[in-house]
Every structure is written in C-alpha cells, then in structure tokens.
Amino acid sequence: MQVMLGSMLYANPIKVILDTDMDSDIDDVAALAMLHHFADLGEVEILATVSCSSDRYSDQLVHAINTAFNRPGILLGAARADAPKHAWALKSETLLKEFPSKAKRKQTMPAAELYRKVLASQPDKSVVIISLGYLNNLKDLLLSSADKYSPLTGAELVAKKVASYYCMGGTYPADTQDSSIYYGNFRPDPASTAYVSQHWPTRLVFTGGGDFAAKLKSGNILKQLPQNNIVRRAYELAKGDVSKDWSHHSADVITVWTAVRGTAPYFKETTMGYNEIDQYGRNTWKTNRDQPNHSYISDLKEGVEPEQVIEAFDAVLSRLSVTGLK
Ligand SMILES: [Ca+2]
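What you are looking at is a predicted structure, and each value in this text was computed from that prediction instead of being measured. Note on numbering: residues in each chain are counted from 1, in written sequence order. Residues qualify for local features only when their pLDDT is at least 70, as the model is predicted, and side-chain atom pairs are given and counted only at 80 or more; totals for whole chains, interfaces and linings, by contrast, use all residues.

Colleague: I would appreciate a short explanation of the overall build of the protein chain in the present structure.
Modeller: Runs of H or I in DSSP of at least four residues are treated as helices and runs of E of at least two as strands, each being numbered from the N terminus. For the protein chain, the count of helices and strands is 12 helices and 11 strands. Structurally, the protein chain occupies a C-alpha span of about 50 × 45 × 45 Å along its principal axes. Buried means a residue has 20 or more other C-beta atoms within 10 Å of its own C-beta, exposed means 12 or fewer, and partly exposed covers the counts in between; C-beta atoms are placed from the backbone. For the protein chain, the proportion of its 326 residues judged to be buried stands at 51%. We call two residues in contact whenever the C-beta atoms placed from their backbones are within 7 Å. Counting contacts in the protein chain only where the partners sit at least 6 residues apart, residues at least 24 apart contribute 85% of the total.

Colleague: Where do I start with the sheet that holds strand S8 (residues 267–270) in this structure?
Modeller: Backbone hydrogen bonds are what pair the strands of a sheet, in a parallel or an antiparallel way. Pairing in this open sheet of nine strands is mixed, and the strands run S4-S3-S2-S1-S5-S6-S7-S11-S8 from one edge to the other. Strand pairing shows two members of the sheet lacking a second neighbour, strand S4 (109–110) and S8, which therefore form its edges. Strands are treated as partners if at least two bridges between them are detected by DSSP. Pairing between strand S7 (residues 203–207) and strand S11 (residues 294–300): four bridges, direction parallel. For leucine 204, the partnering residue across the bridge sits in S11 and is histidine 294.

Colleague: How should the pairing of S11 be read in this particular structure?
Modeller: Residues in a regular strand point their side chains to alternate faces of the sheet. Burial runs high along S11: five of the seven residues are buried. Relative to S11, S8 runs antiparallel, the two being bridged by four bridges. For glutamate 269, the partnering residue across the bridge sits in S11 and is isoleucine 297.

Colleague: Can you help me understand the environment of tyrosine 149 in this one?
Modeller: Along the chain, the position of tyrosine 149 falls in the loop between helix H6 (136–142) and helix H7 (154–161). Sequence-wise, tyrosine 149 and glutamate 113 are 36 residues apart; in three dimensions their C-alpha atoms are separated by 8.7 Å. Residues contacting tyrosine 149, with those up to four places away along its chain left out, are Arg116, Lys117 and Ala120.

Colleague: What is the right way to look at the environment of histidine 63 in this model?
Modeller: Positionally, histidine 63 belongs in helix H3 (residues 58–68). Between the alpha carbons of histidine 63 and aspartate 252 there is a distance of 18 Å; along the sequence they are 189 residues apart.

Colleague: Explain unusual backbone geometry to me, please; I cannot follow it from the model alone.
Modeller: Residues other than glycine predominantly adopt negative phi, and peptide bonds predominantly adopt the trans conformation. At the junction of tyrosine 172 and proline 173, the peptide bond is cis and its omega measures out at 10° in the coordinates. Looking at where proline 173 falls in the secondary structure, it is placed in the loop between strand S6 (162–168) and helix H8 (190–199). The peptide bond linking alanine 264 to proline 265 adopts the cis configuration, its omega dihedral lying at 0°. With respect to the element layout, proline 265 can be found in the loop between helix H11 (251–261) and S8. Positive phi, close to 65°, is recorded for asparagine 70, a residue that is not glycine. Its location among the elements puts asparagine 70 in the loop between H3 and strand S3 (75–78).

Colleague: For this particular structure, what's the right way to read the nonpolar core?
Modeller: Across soluble globular proteins, nonpolar side chains have a tendency to be buried as a group. Ranked by size, the top nonpolar core spans 93 residues in total, and within it Val16, Ile17, Met34, Leu35 and Ile65 carry the most contacts. For this core, the element with the most residues is helix H2 (residues 27–40), which contributes nine residues. Leaving out residues up to four positions away in the same chain, methionine 34 has contacts with Val253, Val256, Trp257 and Val316. What we call a nonpolar core is a set of buried Ala, Val, Leu, Ile, Met, Phe, Trp, Tyr and Cys residues whose membership is set by joining through C-beta atoms within 7 Å.

Colleague: Got a minute to help me understand the packing of H2 against H11 in this structure?
Modeller: The geometry of a pair of packed helices is captured by two quantities: the angle between their axes and the separation between those axes. Whenever a helix is involved, its axis is fitted only over the stretch in contact; in every case the axis is a line through C-alpha atoms, and angles between N-to-C directions fall within 0 to 180 degrees. Following both chains from N to C, one finds H2 and H11 inclined at 25°, their axes separated by 7 Å at the closest point. Between H2 and H11, the angle falls in the class roughly parallel. Here the hand of the crossing between H2 and H11 comes out right-handed. Between H2 and H11, the residues in contact are Asp27, Asp28, Ala30, Ala31, Met34, Leu35 and Phe38 and Ala251, Asp252, Val253, Thr255, Val256, Trp257 and Val260, respectively. By the definition adopted for this analysis, an angle is roughly parallel if under 35 degrees, roughly antiparallel if over 145, roughly perpendicular if from 65 to 115, and oblique otherwise. For any helix crossing, the convention is left-handed if the near helix is rotated counterclockwise from the far helix by under a right angle, and right-handed if that rotation is clockwise.

Colleague: What am I meant to see in H11 here?
Modeller: Residues separated by three or four positions in an α-helix point in the same direction, a consequence of the helix having 3.6 residues per turn. Burial of H11 is extensive: 10 of the 11 residues sit out of reach of the surface. Every buried residue of H11 is accounted for by Ala251, Asp252, Val253, Ile254, Thr255, Val256, Trp257, Thr258, Ala259 and Val260. After H11 finishes, the residue glycine 262 shows a positive phi value of roughly 85°.

Colleague: Would you explain the packing of helix H5 (residues 111–120) against H7 in this entry?
Modeller: Orientation of H5 relative to H7, taken along the N-to-C sense of each, is 40°, at an axis distance of 10 Å. As the angle between them shows, H5 and H7 are arranged oblique. Seen from above, H5 lies across H7 with left-handed handedness. Residue-level inspection shows Arg116, Leu119 and Ala120 of H5 in contact with H7, the latter providing Gly154, Leu157 and Lys161. When residue character is reported, Ala, Val, Leu, Ile, Met, Phe, Trp, Tyr, Cys and Pro are called nonpolar, Asp, Glu, Lys and Arg charged, and the others, Gly included, polar. Among the residues making up the contact of H5 with H7, the classes are represented as three nonpolar, one polar and two charged.

See the structure below:
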C-alpha cells in the first residue's frame, strides 16, 4: 500500500546517483538504506551507486546493501586505487561474511566512466548527485574527456544533465580545526575538494557535519528491527549489544534526506556566499560575494528542535524492516 501510495504521490521520481565512502562509518549504511526506502516509496530512482574509497570492501558492501534491498542490478562504480580510504566503526568484512550477496556483481566500472555512461543516457537537467564521501570521483568526472558515451567533456556533460549536487562535507560557517586532521570528507583529498567546489557547473548544496550532524543522532531505533537486517547489524557491530546506545551522528542521512525531501519543514538553507576550500581541505563559508550555485544546509529552521528531526529520521529507519533482509 505504501508503495502504491508513494508511486501515486511521486509520478516523477528523482533520479539519483549516490557516491559513498563505504569504508569507515555507519551513517553511510543508514543513508544508502534510507535512499532505498525512498525508492520503495517511489520518491527516487537509483541510477547508480559509486564508491569513492579505495578500501577493498567498499564497493562490495554497497552491492551487498543494494542486494539486501532487492536491487542487486544497480550499476556500481569503483574508485581509483590511489583514492583515499579510512577504517573506523564500520565492520565491512564481517558484514560481507554475514550478508553474502547471492546476486553476482555486475562488472564494476571506474567511477568517472560510469558517471559518464549514466549521465549521457538521462534527460537534460534531470539527475541529482549525492556524495557522502571524498570528491575524487567527481573531480575525475569534471576533468574527463569525450568518449564512446558522449562527445562532451565531463564538465559539459554535468552542466547538461545534472539538476543538483548535494555534497556532505565541511562544517559551517567554517572548519577551524587543526590543519593536521585527515579524516572527514574534505580533508583526505583537498585538491579534489577545492577543484569540485570551484568548478562544479550546477547547483551545489553542501550539508554540514561536525556539531550540526552530532546533535541529530539517529539509529537507536534500529534495535527494534529483526536481527537479520543488514543496517541493524552494521550498527550493532559498531555500537555493541542492545544495552548500549546505538544513536549515531546523521551526517550522511541529512544529505540523503534533504536531497530527496528538501529542506521543509526542518532545515535552513543559506544561499548567499560561497564555500572556500584551503590547502588542507578546510572550508570557510565566505560572504564577500555571492556564488549563485553554492548554498549550505547546516542549521535547523528557527523553532525546530533536534528531537523532531531525529524522530523523522528514526521513523524511516524503523520501517527498513519491510526490506533489507538477507
Ligand atoms: Ca560517508
């Protein structure tokens, strides 16, 4: 019933390509699962899923999650071997052992090539790109040349086919932390971060991490799901048994939510100014001039309490039990 209702409400699902560092943190798992749930509701069509991490399990785990949500055929893009990678809370190897994908993985393509193949096949100004990790693939895409898929350069192809790009990364109004920090989405590859930020030719909405994402902790509700749910298991492996608090920052969840459902009624979007990236990958939101395609989401609307947003996120996560079973 939900699916039918969703399909009726969303006659034109948003066409999404998701780019994720499925290597270190569990909010990527929740965010990809949320995107699948929105696809179940008819709100989005997932065109492709892309890994920006060189971690050996990253694209495999993306495929395993796609399979758990009954979409094993989604095209996969892989990062270059010299791409950044991290290890932290996400227990990829264990998850892949426990949730082996029965569906054979379609051949994984280099990310920039897959972007070109998919974008070239879509209507103009129709695709929303969501990145939840490093920006290496998107720099490669912008700098790509004409190929069998399109006579356009990467930048021209993006300008023609992409409607908006939602980028999880940075803290707002400025990242003032020490220059030696390597983690996060912007710091591991500062050159790609700066290039994409400066040269992206369509609307580019940044969504913030740091304190903003940390005050919107979601996921504790996953305890209510069956034990064979891959999202629940990812949180359990990272957080411990059910006596522990499983709530976790929602950085990537915020990006997927706002890219699909927009800012209303919870989030404030700041449009005046632009994001400047320094040599260490630190961002500063500058207001000495406006760059019309840049905006950021890193505040709640006046009067909105974090608990309201957490409740909305958890309501979606609690419904993942209808799919996502091994
Ligand atoms: Ca991420």
